[in-house]
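In case you want the letters, here they are:
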Amino acid sequence: MFKKTARYATLALIGLLPMATTASAETLIIGNFGTPIPMMTKVKTEDYAKAMGYDVEWRKFASGTDVIAAMASGDVKLAALGSSPFAIAASQGVPIKLFMIGDVIGQAESLIAHDGSGISSLADLKGKRVAVPVGSTAHFSLTGALKHEGISESDLTILSMSPDQIAAAWEQNAIDAAWIWDPVQSQLLKSGTRIMGADETAKWGYPTFDGWVVNSQWAEENPEAVAGFVKVTAEADAAYIDNKDAWTADSDEVKEIATNTGADAAQVPGILGGYTFLKPADQVGADWLGGAMAPAIKSTAEFLKEAGRIDSVADDYSQFITLKPLQDAMGE
């Protein structure tokens, strides 16, 4: 697609091609969760490759834990990562920086109770089997909800499962409830009931979001590539933010998202409505990456330490956040 061969480089050296074509476009793996969000309209186009100067390979991960492992190994340089897994990674010293908020999670992640499970409130979870991808934003929301309700985790059985495993276990009636995201959430709602979403736990002091993170050294060496990623993603987000009503099940954008994620096109508009998307100018502001985000990540880390998920909490999480890609993308 954008690979330049050694032959092209040789020709450039002898003056048969302009020097600009000597730059080799390597393959860059970008991790994602296959979530039905606006930027998924772009993953089958060449927009990211052109903007970043790399051949792009999209790799789908089941959970933030898997993303952390891939980034710690160096195999993946840039990926989506939920807020609580990011707090875990940063606290553990994984060399990454948060450079963009992909979405703020509301009812896009929810606790769904299986019909016939006898669950109609958080209090009913006692003695039940609840599945969740451990270490994910959904797990953080579940744990926060239990703490708010005064329910001990020992009062129920929490099962660590990937989204695909949750879907399979649900069909086999092997679980009573799950806290999960789309498209699995929509599948579960066909035979289940939403008890609460992450929008409610956020009001209780447990906010969650999906961010984009990048290997720190790679970002320093490839600032134009990271800024290019921001530009394409922001364009997709703006197309939705500025014209939400046009993103219907019959629209080209929604159909593209459905094709690229496996989600049901009829459910995509509702899924999109479960998130809040932010433009770059808002993200660099004091309410988000430019101020409030670092303390929020620290609060998340403190909660995770108390829950036994991590051993220590950093003094300041602003060192794990960078505004440069957003600023570069905006031309500042």
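Residues numbered from 1 in each chain as written. Predicted model: local features only at pLDDT ≥ 70, side-chain atom pairs only at ≥ 80, totals over all residues. Heavy atoms only, no water.

## Focus on the overall build of the protein
To be explicit about the condition: Counting from the N terminus, the helices are DSSP H or I runs at least four residues long and the strands are E runs at least two residues long. For the radius of gyration, the atom set is restricted to C-alpha positions; the globular benchmark scales as 2.2 Å times the number of residues to the power 0.38. Exposed residues in this analysis have more than 50% of their type's maximum accessible area, buried residues have under 20%, and partly exposed residues fall in between, with area computed by a 1.4 Å probe over protein chains only. Residues count as neighbours in contact if any of their non-hydrogen atoms are within 4.5 Å of one another. Working definition of accessibility: Shrake-Rupley area with a 1.4 Å probe, residue cover restricted to the visible protein chains. Just so you know, the count uses Lys and Arg for positive and Asp and Glu for negative, and it drops His and the chain ends. Charged side chains are reduced to one point each, which is NZ for Lys, CZ for Arg, CG for Asp and CD for Glu.
Across its full length, the protein holds 15 helices and 11 strands. The C-alpha radius of gyration computed for the protein amounts to 21 Å, which stays within 12% of the reference 20 Å derived for 332 residues, consistent with globular compactness. For the protein, the proportion of its 332 residues judged to be buried stands at 52%. When contacts within the protein are restricted to residue pairs at least 6 apart in sequence, those whose partners lie at least 24 apart make up 76%. Surface accessibility of the protein: about 14,200 Å² in total, with carbon and sulfur atoms responsible for 48%. Computing the positive centroid from 25 side-chain charges and the negative centroid from 42, the protein places the two 3 Å apart.

## Points about the packing of helix H5 (residues 137-149) against helix H14 (residues 293-306)
Note the threshold: Axes here mean lines fitted to C-alpha atoms, for a helix over just the part in contact, with angles spanning 0 to 180 degrees between N-to-C directions. Here the word oblique covers every angle except those under 35 degrees (roughly parallel), over 145 (roughly antiparallel) and from 65 to 115 (roughly perpendicular). The nonpolar class holds Ala, Val, Leu, Ile, Met, Phe, Trp, Tyr, Cys and Pro. Asp, Glu, Lys and Arg form the charged class, and all remaining residues, Gly among them, are polar.
Remark: H5 packs on H14, axes separated minimally by 12 Å, with the N-to-C direction vectors making an angle of 70 degrees. Classified by the interaxial angle, the pair formed by H5 and H14 is roughly perpendicular. Contacts between H5 and H14 involve Phe 140, Thr 143, Gly 144 and Lys 147 from the first element and Thr 300, Phe 303, Leu 304 and Glu 306 from the second. Its residues placed into classes, the contact of H5 with H14 shows three nonpolar, three polar and two charged.

## Brief notes about the nonpolar core
So the rule is basically this: Buried Ala, Val, Leu, Ile, Met, Phe, Trp, Tyr and Cys residues form a nonpolar core when they are joined through side-chain atoms within 4.5 Å.
Formed by 80 residues in total, the largest nonpolar core has its most connected members in Met 52, Phe 86, Phe 99 and Trp 212. What Met 52 contacts, discounting residues up to four positions off in sequence, is Leu 28, Ile 30, Leu 78, Ala 225, Gly 228 and Phe 229. If you look at the next biggest cluster of nonpolar residues, it comprises 30 residues, including Leu 142, Leu 146, Ala 177 and Leu 188.

## Things to note about the packing of aromatic side chains
Short version of the rule: Stacked, edge-to-face and tilted labels apply to pairs of Phe, Tyr and Trp rings (six-membered ring for Trp) whose centres lie within 6.5 Å, assigned for plane angles under 30 degrees, over 60, and everything in between, in that order.
Tallying each qualifying case throughout the model produces 13 aromatic pairs. Centroid distance Tyr 48 to Trp 58: 5.1 Å. Interplanar angle 75 degrees. Geometry classified as edge-to-face. With Tyr 48 in helix H2 (residues 47-52) and Trp 58 in strand E2 (residues 55-60), the pair connects residues that are 10 residues apart, well separated along the chain. Given the relative accessible area of 22%, Trp 58 is considered partly exposed. Residues Phe 140 and Tyr 206 carry aromatic rings whose centres are separated by 5.9 Å and whose planes lie at 75 degrees to one another, so their mutual orientation is edge-to-face. Within this pair, whereas Phe 140 is found in helix H5, its partner Tyr 206 is found in the loop between helix H8 (198-203) and strand E10 (209-215), the two being separated by 66 residues in sequence. Neither residue differs from the other here; Phe 140 and Tyr 206 are each classed as buried. Three or more aromatic residues joined by ring pairs form one cluster here, namely Tyr 48, Trp 58, Phe 99, Trp 212 and Phe 229.

## A look at the environment of Gln 217
In this structure, Gln 217 sits in helix H9 (residues 216-221). Distance in space between the C-alpha atoms of Gln 217 and Lys 77 is 9.4 Å, their sequence separation being 140 residues.

## Brief notes about the side chain of Gln 283
Its location among the elements puts Gln 283 in helix H13 (residues 280-283). Gln 283 gets classed as buried once you look at its relative accessible area, which sits at 0%. Among all residues touching Gln 283, those that are not within four sequence positions of it are Met 100, Ile 101, Leu 278, Trp 288, Leu 289, Gly 290 and Leu 326.

## Some thoughts on unusual backbone geometry
Backbone torsion omega between Asp 182 and Pro 183 reads 10 degrees, so that peptide bond is classified as cis. By secondary structure assignment, the location of Pro 183 is in the loop between strand E8 (177-181) and helix H7 (184-188). Although it is not a glycine, Asn 173 adopts a positive phi angle of roughly 55 degrees. Given the relative accessible area of 49%, Asn 173 is considered partly exposed.

## Concerning the environment of Gly 290
Looking at where Gly 290 falls in the secondary structure, it is placed in the loop between H13 and H14. Apart from the residues lying within four places of it in its own chain, the contact partners of Gly 290 are Gln 283, Val 284, Gly 285 and Leu 323.

## Overview of the sheet that holds E10
Heads up, the condition is: When DSSP finds two or more bridges between a pair of strands, those strands are recorded as paired.
On the basis of which strands lie adjacent, the open sheet formed by six strands has the order E2-E1-E3-E10-E4-E11 and mixed pairing. Unpaired on one side and paired on the other, E2 and strand E11 (275-276) mark the two borders of the sheet. Where strand E3 (residues 78-82) meets E10, five bridges bridge the pair, whose relative direction is antiparallel. Within E10, the residue paired with Ala 80 across the bridge is Trp 212.

## Here we look at the sheet that holds E8
In space, the five strands of this open sheet follow the order E7-E6-E8-E5-E9, with mixed pairing throughout. The sheet is open, and its two borders are formed by strand E7 (157-160) and strand E9 (192-197), each paired with just one other strand. Going across the sheet, the axis of each strand differs from the next one's by a mean of 25 degrees, ignoring polarity. Relative to E8, strand E5 (residues 109-114) runs antiparallel, the two sharing five bridges. Bridging from a neighbouring strand, Glu 109 pairs with Trp 181 of E8. Across the sheet, H5 lies against E5, strand E6 (129-132), E7, E8 and E9, angled at about 135 degrees from E8, the strand it touches most.

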